[in-house]
Amino acid sequence: MSQALEGVRILDFTHVQSGPTCTQLLAWFGADVIKVERAGEGDATRGQLRDIPGVDSLYFTMLNHNKRSITLDTKNPKGRQVLDELIKTCDVLVENFAPGALDRMGITWEHIQKLNPRMIVASVKGFGPGKYADCKVYENVAQCAGGAASTTGFEDGPPMVTGAQIGDSGTGLHLALGILAALFQRNSTGRGQKVLAPMQDAVLNLCRVKMRDQQRLERTGTMHEYPQYPDGKFGDAVPRAGNASGGGQPGSILKCKGWETDPNAYIYFTVQGHAWAPICDAIGKPEWKTDPDYMTAKARQPHITDIFATIEGWLADKTKFEAVDILRKFDIPCAPVLTMKELLNDESLRKSGSIVEVPHKERGTYFTVGSPIKFSDLKPEITGSPLLGEHTDDVLPDPATGHNPPLIHLSEPPKLLSHSDARLCLK
Ligand code: COA
């Protein structure tokens, strides 16, 4: 099966999580992603959170599938020369260095434009233009700066960050979308362009419902679906809403059988307005269907907490899986709170390719998250991550072998480097 991005070459200067998420997506969909790393250590995540001594960590491998890796010292003039050749032959340069690092390497937009006016230069930074533009940023910094932390957690607790990596992986997704749009636009303009995805902005985009709520709060002073309503007080900013749904349908996380000892014996339960009658039937409260205190969403809202307490009573003798099996028959939107252990062994996710087992040259096989996007005419095959510099020789092979480098076409070798010089700065 042909791949959607076949023929697209990505010069991948990304590291840690945000940038690698982006280029991994592009690689899954068929782009040739050449990850450029420093000799010796490479991407810092190769060595972070290791579970097997001396072997690339899962942190690294799970973010760098389907890529090739070359080592190159971009601060060495000869390395720069090699890099210039790569710039000429690639479609997109993706980077998430600290602000200014690319310029300090001498790889300015103007320089890139001169070499390859069709090149798209895509960057993740912590912040967009403004007073924080020079700051280095990691995941949780972005979650705090983008509005996620102030709106996550319980009313009586501190701001909370979430386990979903919305700052890093969330921004990587945004950048990938920006790159695809720029590639599409290049078809008509013939020109590359700069694409920037600031982490603060990406988190804010993912928190847009909270900005919706800020404006509602300013207009009305209250929000009925928040746990602060009707007894608690609202301040002047969107408060933390615990596990309240955040949408037009009330919902909450409810205890199931075994919650006293199992920290994940819970389900999420949504009270969808038009499903009120089935809910009453499912939980054995048929009288609520005609009770004026419960019949409408508006009537229910002031005592939604009591309603959830009653449902918890019904759940007390059911495991999360038993409860969900019953509730789904009534078409009630709900889910068990699943652990990573349960997800790793989930049959459907395995079958759909969202969890895949991948071979790795040094660690053996391991599980990773495959493409969460499914196509009818594209099947991303997830391959293991590259070892550090594994493909350096493919990019600039020994001419003695007569093997043509697939990326750098040395049509005029003297203008580039002597082979031995080039290999010195690549290794
Ligand atoms: N050859 C030579 N030098 C290289 C190189 C190579 N192949 N690859 C990287 N370097 C250099 C860079 O040029 C930079 O040098 P400089 O400081 O002299 O300019 C240096 O390595 C370190 O890069 P930097 O990006 O500053 O790494 P860091 O470890 O200090 O910071 C981050 C890490 C993530 C905080 C920072 O990169 C950042 O804020 N990135 C943008 C936001 C982001 O993506 N954050 C989320 C990461 S998941």
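Now for the sheet that holds strand S2 (residues 32-37). The strands that make up a sheet pair up through hydrogen bonds in the backbone, lying either parallel or antiparallel. Strand order across the open sheet formed by six strands is S3-S2-S1-S4-S5-S6, with parallel pairing between neighbours. Looking along the sheet, the strands with just one partner apiece sit at the ends: strand S3 (67-71) and strand S6 (194-198). Averaged over neighbouring strand pairs, the angle between their axes works out to 20° when direction is ignored. Across four bridges, strand S1 (residues 9-13) lies against S2 in parallel orientation. Within S2, the position partnered with Asp-12 by the bridge is Lys-35. Running at roughly 140° to S1, helix H3 (residues 77-89) makes contact with S1, S3 and strand S4 (92-95) of the sheet.

Bringing the side chain of Gln-24 into the picture now. Assignment of secondary structure puts Gln-24 in helix H1 (residues 18-28). A distance of 2.8 Å separates the side chain of Gln-24 from the backbone nitrogen of His-65, its partner in a polar contact. Excluding its chain neighbours within four sequence positions, the residues that come into contact with Gln-24 are Thr-61, Met-62, Leu-63, Asn-64, His-65 and Lys-67.

For the rest of this paragraph, the subject is the site of the ligand. Neighbouring the ligand are 23 residues, the closest being Leu-72, Ala-98, Arg-104, Lys-136 and Val-137. Contact between the ligand and Phe-97: a nitrogen atom at 3.4 Å from a main-chain N or O atom of the residue. Ala-98 places a main-chain nitrogen or oxygen 2.7 Å from an oxygen atom of the ligand. Isolated, the ligand exposes 930 Å² of accessible area, and the fraction of that covered by the protein chains is 84%. Taken atom by atom, the bulk of the ligand overlaps the largest pocket.

Attention shifts here to the layout of surface pockets. Its volume calculated, the largest pocket comes out at about 860 Å³. As for the largest pocket, its lining consists of 34 residues, of which His-15, Arg-38, Asn-96, Phe-97 and Ala-98 are closest to the centre. The element contributing the most residues to the lining of the largest pocket is S2, with three residues. Residues that form the lining of the largest pocket fall into these classes: 15 nonpolar, eight polar and eleven charged. For the second largest pocket, the calculated volume is near 720 Å³. If you trace the second largest pocket, you find 23 residues lining it, with Gln-17, Thr-21, Leu-63, Ser-169 and Val-369 closest to the centre. Within the residue set of the lining of the second largest pocket, elements represented by two or more residues are H1, helix H2 (58-61), helix H7 (169-189) and strand S11 (364-369). Among the elements that take part in the lining of the second largest pocket, H1 stands out by supplying four residues, more than any other.

This part is about the pattern of salt bridges. Within this structure, the stated rule accounts for 18 salt bridges. What you see here is one network of salt bridges that share partners, running through Arg-212, Asp-213, Arg-216 and Glu-225.

On to the sheet that holds strand S9 (residues 334-336), then. With antiparallel pairing, three strands are arranged side by side in an open sheet as S7-S8-S9. With partners counted over all chains shown, the strands left at the sheet margins are strand S7 (251-255) and S9, one partner each. Adjacent strand axes in the sheet meet at a mean angle of 20° when their direction is disregarded. Contacting strand S8 (266-270) and S9, helix H13 (residues 320-329) crosses the sheet at an angle of about 160° to S9.

Here we come to the packing of aromatic side chains. Applying the stated criterion across every chain yields a total of six aromatic pairs. On the numbers, 5.2 Å between centres and 75° between planes, the contact of Phe-29 with Phe-375 is edge-to-face. Within this pair, whereas Phe-29 is found in the loop between H1 and S2, its partner Phe-375 is found in the loop between S11 and helix H16 (392-395), the two being separated by 346 residues in sequence. Between Tyr-226 and Phe-234, the ring centres sit 6.3 Å apart and the planes meet at 65°, which makes this aromatic pair edge-to-face. For the pair Tyr-226 and Phe-234, a shared accessibility class is recorded, and that class is buried. An aromatic cluster of three or more residues is present, and its members are Trp-276, Trp-288 and Tyr-294. The ring of Trp-259 has Lys-255 sitting right over it, with the charged end atom 4.2 Å from the ring centre. Sitting above the plane of the Tyr-366 ring, Arg-363 keeps its charged end 5.9 Å from the centroid.

It is worth spelling out the nonpolar core at this point. With 36 residues, the main nonpolar core has Ile-10, Leu-26, Val-94, Leu-175 and Ile-179 as its most contacted residues. Secondary structure elements with two or more residues in this core: H1, S4, strand S5 (120-125), H7, S6, helix H8 (199-206) and strand S10 (355-360). With near-sequence residues (within four places) excluded, Leu-175 lies in contact with Cys-22, Val-94, Ala-122, Ser-123, Val-124, Val-195, Leu-196 and Ala-197. Counting residues in hydrophobic clusters, the runner-up holds 23 residues, among them Ile-267, Tyr-294, Leu-315 and Cys-334.

Taking 1.5 Å per residue, 21 residues should reach 30 Å; H7 reaches 30 Å between its end C-alpha atoms and fits that length. Residues Ser-169, Gly-170, Thr-171, Gly-172, Leu-175, Ala-176, Gly-178, Ile-179, Ala-182, Leu-183 and Arg-186 constitute the buried set of H7. In the core, the buried residues of H7 are packed alongside H1, S4, S5, helix H6 (139-145), S6 and H8.

It is worth spelling out the packing of H7 against H8 at this point. Between two packed helices, what matters for the description is the angle formed by their axes and the separation of those axes. Their axes nearest at 9 Å, the elements H7 and H8 cross at an angle of 95°. Considered as vectors, H7 and H8 are oriented roughly perpendicular to each other. On H8, the residues touching Gly-170, Thr-171 and His-174 of H7 are Met-199, Ala-202, Asn-205 and Leu-206. Taken together, the residues of the contact of H7 with H8 sort by class into three nonpolar, four polar and no charged.

Attention now moves to helix H9 (residues 208-220). Along its 13 residues, H9 runs 18 Å from first to last C-alpha, staying within 8% of the 18 Å computed at 1.5 Å per residue. Residues Lys-210, Asp-213, Gln-214 and Leu-217 constitute the buried set of H9. The arc enclosing the buried residues of H9, seen along the axis, measures out at 110°, which places them on a common side. With respect to the buried face of H9, the exposed residues turned more than 90 degrees away are Arg-208, Gln-215 and Arg-219. Immediately downstream of H9, the backbone of Gly-221 shows phi near 75°, a positive value.

What counts and how
Residues numbered from 1 in each chain as written. Predicted model: local features only at pLDDT ≥ 70, side-chain atom pairs only at ≥ 80, totals over all residues. Heavy atoms only, no water. Pairing = 2+ DSSP bridges. Helix = DSSP H or I, 4+ residues; strand = E, 2+ residues; numbered from the N terminus. Axes fitted to C-alpha atoms, helices over the stretch in contact; angles between N-to-C directions. Contact = heavy atoms within 4.5 Å. Polar contact = N/O pair within 3.5 Å; in protein donor to acceptor, adjacent residues only side chain to side chain. Near = heavy atom within 4 Å. Areas by Shrake-Rupley, 256 points an atom, 1.4 Å probe, with all protein chains shown as cover. 1 Å grid on protein atoms, 1.4 Å probe; cavity = no way out; pocket = protein on both sides within 12 Å on 5 of 7 lines; lining within 4 Å. Sits in = over half its atoms within 2 Å of the grid points. Points joined across faces, edges and corners; volume = space filled by probe spheres on them. Nonpolar A, V, L, I, M, F, W, Y, C, P; charged D, E, K, R; others polar. Salt bridge = Lys/Arg side-chain N within 4 Å of Asp/Glu carboxyl O. Phe/Tyr/Trp six-rings, centres within 6.5 Å; stacked < 30°, edge-to-face > 60°. Buried < 20%, exposed > 50% of the residue type's maximum accessible area, 1.4 Å probe, protein only. Lys NZ or Arg CZ within 6 Å of the ring centre and 35° of its normal. Core = buried A, V, L, I, M, F, W, Y, C linked by side-chain atoms within 4.5 Å. Expected span 1.5 Å × (residues − 1). Parallel < 35°, antiparallel > 145°, perpendicular 65-115°, else oblique. Arc of directions from axis to C-beta.

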